[in-house]
Structure formats: structure tokens, C-alpha cells
Amino acid sequence: MIELASAASPELEDAFQRLIPQLSSSSAPMDIEQLEDYLSQQSIDLILFRGDDGDIQGMLTLVTFTIPTGVRAWIEDVVVDDAARGKGAGMQLVEAALELAHNRGAKTVDLTSRPSREAANRLYQRAGFEQRETNVYRHSGK
């Protein structure tokens, strides 16, 4: 089942503690206060996937914002619990994000994924994403 997270809760904090390490070994999971700040941002939607048992088994962040050339949307931090992978949770999260982004006026939705995340890249291609010819730059703030 797909749902939008509406508020920080101990259950959501527990899900972050479990899922974020599966996504990134260098990022600490948010605590409940950080979750409150995160969810209070107007540009952020946290989409959750609940398994048949009702537990949060996956999540995805949709960032939607307006710039001078129109409404843009980005999918970030997609993660599905190891035990739930390969059962359609990722596709349900992506499809929900695409629908929400387009309902908000975004004409396109972008995301990035490391080449080493082969299953994730296959998922995005099955969902209709096409690889772009572009350069991605990052400034580390130093």
C-alpha cells in the first residue's frame, strides 16, 4: 500500500533507522526532530510503501519546485527493504511519485542513480525513464 507521510512518528523514525543504512553507508538516519523539519518543507513529499503486514518497507522522496522555466520534480533517496525487494514495491513508489509530480504540474521528473545500482536502473527504465546526455556536477562545499 502506498501513502504519503504526513507527520513524524516513532514508527517513521524506526523505518528510517532500518532503511537509510540500506541506502547509504555514509548518511545517518534522521531522528524524530529532523523528520519533523524534513516533512515540514513544502517542496518535499515522502512516499511510503507498506507491506501486507502494515510495516513501512520502502520510501521515496519527491521534490517538486517552481523555477522560471516551469515546475520541476526530482525523485531522491529511493529505498526498499532488502526483504521486500523484487516484489513490486519500488515500481509502486515510482509510479506514485510520477503521478503526484504530474498532478503538481511537473512536465518531467528527473532522478540520478549510480551505475552500480543495476536493479534500480532496470526499475527506472521499466518505469519509462530514459538516460539523458548530460553532465552532473557536484560541489562539496569546500
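Attention here is on the structure that accompanies the text. (Residues numbered from 1 in each chain as written. Predicted model: local features only at pLDDT ≥ 70, side-chain atom pairs only at ≥ 80, totals over all residues. Heavy atoms only, no water.)

1. A word on unusual backbone geometry
We apply this condition: Secondary structure counts use DSSP, requiring at least four H or I residues in a row for a helix and at least two E residues in a row for a strand, with both numbered from the N terminus. Per-residue accessibility, obtained with a 1.4 Å probe over protein chains only, is compared with the maximum for each type, and a residue is labelled buried under 20%, exposed over 50%, and partly exposed between these values.
Positive phi, normally seen in glycine, also occurs at aspartate 77, with a value near 50 degrees. Secondary-structure assignment places aspartate 77 in strand 4 (residues 70-80). On the basis of relative accessible area, aspartate 77 is assigned to the partly exposed category, the value being 46%.

2. Overview of the layout of surface pockets
Gaps left between atoms are located by rolling a probe of water-molecule size over the structure's atoms. Basically, it comes down to this: Within this scheme a cavity is a closed region of a 1 Å grid, computed over the protein atoms alone, that accommodates a 1.4 Å probe without allowing it to escape, whereas a pocket is open but has protein on both sides within 12 Å along at least five of seven lines; lining residues each have an atom within 4 Å of a point. Grid points are joined across faces, edges and corners, and a volume is the space filled by probe spheres set on the points. All residues other than Ala, Val, Leu, Ile, Met, Phe, Trp, Tyr, Cys, Pro, Asp, Glu, Lys and Arg, Gly among them, are scored as polar; the first ten of these are nonpolar and the last four charged.
Estimates place the volume of the second largest pocket at around 160 Å³. Residues of the lining of the second largest pocket, tallied by class, amount to 5 nonpolar, 3 polar and 4 charged.

3. A closer look at the pattern of salt bridges
Convention followed: Salt bridge, as used here: a side-chain nitrogen of Lys or Arg that lies within 4 Å of a carboxyl oxygen of Asp or Glu.
Counted under the stated rule, the structure contains 6 salt bridges. In this structure, arginine 50 engages glutamate 3 in a salt bridge whose closest nitrogen and oxygen atoms are separated by 2.9 Å. You can see arginine 50 sitting in strand 2 (residues 44-50) and its partner glutamate 3 sitting in strand 1 (residues 2-4), a full 47 residues away along the chain. Of the residues examined, arginine 50 reaches a relative accessible area of 13% and is grouped as buried. Judged by relative accessible area, glutamate 3 falls into the partly exposed class, the value being 26%. A salt bridge links arginine 18 to aspartate 81, with the nearest nitrogen and oxygen atoms 3.0 Å apart. Residue arginine 18 is located in helix 1 (residues 10-23), and its partner aspartate 81 is located in the loop between strand 4 and helix 3 (89-103); the two are separated by 63 residues in the primary sequence. Residue classification places arginine 18 among the partly exposed positions, given a relative accessible area of 34%. Ionic contacts of the salt-bridge type, sharing partners, join the residues Glu3, Glu11 and Arg50 into one network.

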